[in-house]
Structures are given as structure tokens and as C-alpha cells.
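# Notes for the structure review
Below are the chains, spelled out letter by letter.
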Amino acid sequence: MKILVHITHGPEEPTRAALGFLVAKAALEEGHTVSLFLAGNAVLLLRDQDMGGVVGVGTGNLKEHYEAIVKSGGRFYLSGMSAKARGMTEDDIKGKPAEFAMPKVLVQLSVDSDRMFTY
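This report concerns the structure included in the present document. Predicted model, so just to flag it, every value in this text is computed and none were measured. Position numbers for residues count from 1 along each chain, tracking the sequence in the order it is written. Confidence filtering applies because this is a predicted model: local features only for residues at pLDDT of at least 70, side-chain atom pairs given and counted only at 80 or more, and all residues used for totals across whole chains, interfaces and linings. Side-chain numbers come from the whole structure's heavy atoms, not from hydrogens or water.

### Here's the deal with the packing of aromatic side chains
- A pair of Phe, Tyr and Trp rings is counted when the ring centres sit within 6.5 Å of each other, with Trp represented by its six-membered ring. The angle between the planes then sorts it: under 30 degrees is stacked, over 60 is edge-to-face, the rest tilted. The final tally for this structure, using the stated rule, is two aromatic pairs.
- On the numbers, 5.7 Å between centres and 35° between planes, the contact of Phe21 with Phe76 is tilted. You can see Phe21 sitting in helix H1 (residues 14–29) and its partner Phe76 sitting in strand S5 (residues 75–79), a full 55 residues away along the chain.
- Accessibility here uses a 1.4 Å probe with only protein chains present; expressed as a share of the type maximum, an area under 20% marks a residue as buried, one over 50% as exposed, and anything in between as partly exposed. Its relative accessible area of 0% is what places Phe21 among the buried residues.
- A relative accessible area of 0% means that Phe76 is categorised as buried.
- Seen from their ring centres, Tyr66 and Phe76 are 5.4 Å apart, and the 40° between their planes marks the pair as tilted. With Tyr66 in helix H3 (residues 62–71) and Phe76 in strand S5, this pair connects stretches of sequence that are 10 residues apart.
- On the accessibility criterion, Tyr66 (9% relative accessible area) is buried.
- By way of ring pairs, the aromatic residues Phe21, Tyr66 and Phe76 are connected into one cluster.
- Here, over-ring charges are defined by two tests on the NZ atom of lysine or the CZ atom of arginine: distance to the ring centre within 6 Å, and angle to the ring normal within 35 degrees. One cation-aromatic arrangement involves Arg75 over Tyr77; the distance from NZ or CZ to the ring centre is 5.9 Å. Each helix is a run of H or I in the DSSP string that is no shorter than four residues. Each strand is a run of E no shorter than two, and both are numbered from the N terminus.

Listed below in C-alpha cells is the structure:
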């Protein structure tokens with residue numbers, strides 16, 4: 001099954017942000033194909049300086065979830081407009097299975113997915 005996890009909360013909401021990553025990790029462990037689309041402050045979650053400090057109450061460590069997602073083949077899409085507004089550049093996602101994307105990519109991912117979760 002194809003699953004899309006759309007996350008709009010960033011480091012300011014660590015429990016919600018980590019929950020989105022935890023759900024993506026769990027879906028990958030179950031053998032599903034998973035894409036994550038990060039928008040709003042959620043784009044900051046892929047910056048190294050932010051990723052390491054996000055730990056949710058009962059939802060775990062975001063960096064550990066990220067590493068498991070990457071190891072299992074998960075793919076990240078970051079809202080290009082959200083990233084630009086927050087000063088993110090290609091250097092912030094260099095070496096990560098991630099790319100900047102416009103809203104039409106979110107629409108296409110949602111249409112192509114069997115299930116979608118939003119956090």
C-alpha cells in the first residue's frame with residue numbers, strides 16, 4: 001500500500017512532529033511504501049540543527065525515526081515555498097532522500113496514495 005504522511009508542525013510542536021515520523025516508520029516496517037510531505041514549519045525538521053532536538057512526549061526521538069525511515073526507503077518532499085520563507089537551501093537537505101516540491105507534488109502524491117495521514 002502507498003501511504004502519504006503530511007506534516008505541517010515543526011520543532012515548536014515536538015510531539016506532533018515526532019508522531020508523524022513515528023507513523024511513517026511504522027508503515028515502512030509493515031512493508032508499505034511511504035512518502036512524507038513537510039510543509040510550514042515542518043520543513044525545519046530536516047535541518048540537522050533542528051532534527052536532533054525534537055523529542056515528543058510518548059512519540060519518541062525524531063532523529064531516530066528519521067534514520068529508520070531513510071534506512072527503510074522512505075522519501076521526503078519539502079514545500080519549496082515554506083522552505084524558502086524559512087531560509088532553507090539545498091545545503092540543508094544535501095545527502096538526504098529529500099527534495100523541494102511545489103503544491104502540485106502534494107496533490108499528486110495524495111492522489112497516488114492509498115492512505116494519507118496528516119500531523
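From this point, the narrative continues.
### Let's talk about the packing of H1 against H3
- Their axes nearest at 9 Å, the elements H1 and H3 cross at an angle of 30°. If you check the angle between H1 and H3, you find them roughly parallel. H1 and H3 meet at a crossing whose hand is left-handed. Between H1 and H3, the residues in contact are Ala17, Ala18, Phe21, Leu22, Ala24, Lys25 and Leu28 and Leu62, His65, Tyr66, Ala68 and Ile69, respectively. Geometry is summarised by axes, namely lines fitted to C-alpha atoms with helices restricted to the contacting stretch, and by angles between N-to-C directions that run from 0 to 180 degrees. Our angle categories are set so that under 35 degrees counts as roughly parallel, over 145 as roughly antiparallel, 65 to 115 as roughly perpendicular, and the remainder as oblique. By the definition used in this description, the sense in which the near helix is turned from the far one sets the handedness, with an anticlockwise turn below a right angle giving left-handed and a clockwise turn giving right-handed. Every residue pair with non-hydrogen atoms within 4.5 Å of one another is taken to be in contact.

### So, the nonpolar core
- Counting 29 residues, the largest nonpolar core has Phe21, Leu36, Leu38, Leu46, Phe76 and Leu78 as the members making the most contacts within it.
- For this core, the secondary-structure elements that each account for two or more residues are strand S1 (2–7), H1, strand S2 (33–38), H3 and S5.
- In terms of residues, this core owes the most to one element, H1, which gives six residues.
- Contact partners of Phe21, with chain neighbours within four places excluded, come to Ile7, Leu36, Leu38, Leu45, Leu46, Leu62, His65, Tyr66, Ile69 and Phe76.
- For the purposes of this section, nonpolar cores are sets of buried Ala, Val, Leu, Ile, Met, Phe, Trp, Tyr and Cys residues that join through side-chain atoms within 4.5 Å. Counting seven residues, the second largest nonpolar core, distinct from the first, contains Leu4, Ala39, Tyr77 and Leu109.

### Some thoughts on the sheet that holds S5
- Pairing is parallel across the open sheet formed by five strands, whose spatial order is S6-S5-S2-S1-S7. With one partner strand each, in any of the chains shown, strand S6 (98–101) and strand S7 (115–118) form the two edges of the open sheet. For this sheet, the mean angle separating the axes of adjacent strands, direction not counted, is 20°.
- In the sheet, S1 pairs with S7 via four bridges, with the strands oriented parallel. Within S7, the position partnered with Leu4 by the bridge is Met116.
- Helix H6 (residues 103–112) contacts S1, S2, S5, S6 and S7 of the sheet and is inclined by roughly 140° relative to S1. Two strands qualify as a pair provided that DSSP identifies no fewer than 2 bridges between them.

Nothing here speaks to function; it is all geometry.
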